[in-house]
Amino acid sequence: MPTTIRRTRRLLLLLLFPLLALAAPPSAASRHDYGDALRKSILFFEGQRSGRLPPNQRVRWRHDSALHDGSGEGVDLTGGYYDAGDNVKFGFPMAFTATLLAWSVIDFGKSMGPELGNAISAVQWATDYLMKATSVPGVVYVQVGDAFRDHGCWERPEDMDTPRTTYKVDASRPGSDVAGETAAALAAASIVFRGRDPSYSARLLDRAISVFEFADRHRGAYSSSLRSAVCPFYCDFDGYQDELLWGAAWLHKASRRREYREYIKNNEHILGADDSINEFGWDNKHAGINVLISKEVLMGNAQYLESFKLNADNFICSLLPGIFHPQIQYSPGGLLFKVGGSNMQHVTSLSFLLLAYSNYLSHSNQHVPCGSHSASPSLLRRIAKSQVDYILGDNPMRMSYMVGYGSKYPMRIHHRASSIPSVGTHPAHIGCKAGSKYYLSPKPNPNLLVGAVVGGPNLSDAFPDSRPVFQQSEPTTYINAPLVGLFAFFWAHPGNV
Ligand SMILES: *[C@@H]1O[C@H](CO)[C@@H](O)[C@H](O)[C@H]1NC(C)=O
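Going by the annotation in an unreviewed UniProt entry, the name recorded for the protein chain is Endoglucanase, with Acorus gramineus given as the source organism. UniProt's Catalytic activity (unreviewed entry) comment on the protein chain is quoted here verbatim: "Endohydrolysis of (1->4)-beta-D-glucosidic linkages in cellulose, lichenin and cereal beta-D-glucans." Note on the protein chain: under the UniProt heading Sequence similarities (unreviewed entry), the record states "Belongs to the glycosyl hydrolase 9 (cellulase E) family."

The subject of this paragraph is the packing of aromatic side chains. Under the definition given, this model contains 26 aromatic pairs. Look at Tyr 234 and Trp 282: their rings are 4.7 Å apart centre to centre, the planes differ by 80°, and that puts the pair in the edge-to-face class. Pair noted here: Tyr 234 is in the loop between α8 (227–230) and α9 (241–255) and Trp 282 is in the loop between α10 (258–267) and α11 (286–298), with a separation of 48 residues, a long-range link. Note on Trp 282: relative accessible area 2%, which makes it buried.

Turning next to the site of the ligand. As a structural note, the neighbourhood of the ligand is formed by Asn 458, Leu 459, Ser 460 and Ala 462. Residue Asn 458 places a side-chain N or O atom 2.3 Å away from an oxygen atom belonging to the ligand. Ser 460 has a polar side-chain atom sitting 2.7 Å from a nitrogen atom of the ligand. Burial of the ligand by the surrounding chains reaches 33%, relative to a free accessible area of 360 Å². Here the residues of the shell around the ligand are counted per class, giving two nonpolar, two polar and no charged.

Taken as a whole, this structure holds 23 salt bridges when the rule is applied. Across the pair Glu 243 and Lys 285 runs a salt bridge whose closest N-O atoms are separated by 2.8 Å. Placement of the pair is Glu 243 in helix α9 and Lys 285 in the loop between α10 and α11, with a sequence separation of 42 residues. We classify Glu 243 as buried; its relative accessible area is 0%. You can call Lys 285 buried: its relative accessible area is 0%. One salt-bridge network, held together by shared partners, links Asp 36, Arg 39 and Lys 40.

Turning our attention to helix α2 (residues 91–108). The terminal C-alpha atoms of α2 lie 25 Å apart, and with 18 residues this matches the ideal 26 Å at 1.5 Å per residue to within 8%. Of all the 18 residues making up α2, 17 are buried; the element is thus mostly covered by neighbouring parts of the structure.

With the rule as written, the count across this model stands at seven cavities of 30 Å³ or more. If you add up the space inside the largest cavity, you get close to 80 Å³. Lining the largest cavity, in full, are Ala 249, His 252, Lys 253, Arg 261, Ile 264, Leu 292, Ile 293, Glu 296 and Leu 305. At the level of secondary structure, the elements contributing two or more residues to the lining of the largest cavity comprise α9, α10 and α11.

With 155 residues, the main nonpolar core has Trp 103 and Tyr 357 as its most contacted residues. Those residues in contact with Trp 103, other than ones at most four positions away along the chain, are Phe 108, Trp 246, Trp 250, Phe 280, Gly 288, Val 291, Leu 292, Phe 352, Leu 353, Ala 356 and Tyr 360. Membership of the second largest hydrophobic core comes to five residues, among which are Trp 154, Ile 430, Tyr 438 and Tyr 439.

So, about the state of the cysteines. Taken as a whole, this structure holds three disulfides when the rule is applied. One disulfide in the model links Cys 153 with Cys 432; its S-S distance is 2.2 Å. Of note, the bridge from Cys 153 to Cys 432 carries an S-S torsion of about -95° and is left-handed in sense. Linking Cys 153 in the loop between α4 (147–151) and β3 (166–169) with Cys 432 in the loop between α15 (416–419) and α16 (436–440), this pair joins segments that are 279 residues apart in sequence. Note on Cys 153: relative accessible area 5%, which makes it buried. Note on cysteine connectivity: Cys 231 is disulfide-linked to Cys 235, with sulfurs 2.1 Å apart. On the S-S bond that ties Cys 231 to Cys 235, the torsion sits near 70°, and the link is right-handed. The same class applies to Cys 231 as to Cys 235, namely buried.

Let's shift gears to the UniProt feature "active site" (unreviewed entry) in the protein chain. With numbering aligned to this structure, UniProt lists the feature "active site" (unreviewed entry) at His 414, Asp 465 and Glu 474. Spatially, the listed residues are clustered: although they cover 61 residues, their C-alpha atoms lie within 10.0 Å of one another. Inspection of the secondary structure assignment puts His 414 in the loop between α14 (377–392) and α15. Positionally, Asp 465 belongs in the loop between α16 and α17 (470–473).

Parameters at a glance
Residues numbered from 1 in each chain as written. Predicted model: local features only at pLDDT ≥ 70, side-chain atom pairs only at ≥ 80, totals over all residues. Heavy atoms only, no water. UniProt positions renumbered as here; feature names shortened; annotations may be inferred. Phe/Tyr/Trp six-rings, centres within 6.5 Å; stacked < 30°, edge-to-face > 60°. Helix = DSSP H or I, 4+ residues; strand = E, 2+ residues; numbered from the N terminus. Buried < 20%, exposed > 50% of the residue type's maximum accessible area, 1.4 Å probe, protein only. Near = heavy atom within 4 Å. Polar contact = N/O pair within 3.5 Å; in protein donor to acceptor, adjacent residues only side chain to side chain. Areas by Shrake-Rupley, 256 points an atom, 1.4 Å probe, with all protein chains shown as cover. Nonpolar A, V, L, I, M, F, W, Y, C, P; charged D, E, K, R; others polar. Salt bridge = Lys/Arg side-chain N within 4 Å of Asp/Glu carboxyl O. Expected span 1.5 Å × (residues − 1). 1 Å grid on protein atoms, 1.4 Å probe; cavity = no way out; pocket = protein on both sides within 12 Å on 5 of 7 lines; lining within 4 Å. Points joined across faces, edges and corners; volume = space filled by probe spheres on them. Core = buried A, V, L, I, M, F, W, Y, C linked by side-chain atoms within 4.5 Å. Contact = heavy atoms within 4.5 Å. Disulfide = S-S within 2.5 Å.

Okay, here's the thing in structure tokens:
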């Protein structure tokens, strides 16, 4: 049985072969249906839902699951998302997913047309859960499900009979990383709901404020406090400092309170704002912090935060094809690559930052200085678009990496619910080890998890479409969340790249 460890420690590997000088491909007339991709990228989140499914659930092969989560602790922790192809609810990546979905709606919601409502529902499915997980003051519930036991089975969520152990951080076992990210998610979502549901928005912001205060007052990494439960799955390798800055940045954006601005300025160096600036993912928020705060600088509101913009500029320069950087590569077919498992998470989150930054630059009429060159907003958009187009089929395999999009796509994704016959077609219980035959089967998955984007090809642009190769065949919520914003933009601006 597979043990899904999605994140391998960053290797200090200096790649010495020369980088192919890749120019962003010329923007041919768009052949992709970004509207279809947008719709599917959001639909995917319905397939990841835990808890009681609502009557308007569109992914009909999924059913209610994990209806007693939290009951052992006397709290209601039902709902939320399974983060990937397993049945554990990992709060750290779930909160990051919620933050990125909210950021997608904040920056690109006006481009979502009829999909806006579905995107907002996807945010709320996460934030309703995060509100439950933070309902006890001074406590954040950060995981439901024993990950080792879960990963020892290949079971549908509807059949799950592994221990639904709950894990929490509190004053004695702190977790500023997961709590800081949870505060960021709640603050970002409060912006999404501000004009749509003011009372929900106000509750989200109030909670974000108190969760951030807890995160900051009781400092520590949840992977120290809860090591045996959360590692090696979503172990925090990069420390909790970035999530404190990230939480403060979102709280500042949501509340406009001076105290968060001062927090950012006062803690900028203490919390290492200029560390690892070219990463952005569920573990490392640095590039996202710099891009988010740079918007204020570019709008002329915050010159005292200029150093964040310098970091953001350096980050953007490091992504330009043809510029050598030890931590960023492009495959021969043009896909951005970073060392570590599940490459597509880097592709989508870094592309999102390229696009968001290009818009902030456009609005203030600026370019990015990169040594003797300068990168225009339109170059950044073209690079982001080249990544999105690669995902949708412009690649050496001539396949889409999104399930259900185009004519050729992954058929054997590493996903328990998708790979085992549904409760509708096979009502009898399928136990822990009885699922092995579906895991090992060479046949395509019986349930299409439409919209799921997988870990993707390797550095040679090859993709085996094999369930056991989880680094390449597993979808995750944090691969899709930034794509929601990217697809919306390219759908609404077919010529503007
Ligand atoms: C990618 O996968 C293919 C096929 O499995 C293999 O031949 C190739 O060596 C792999 N490339 C890298 C860089 O691992």
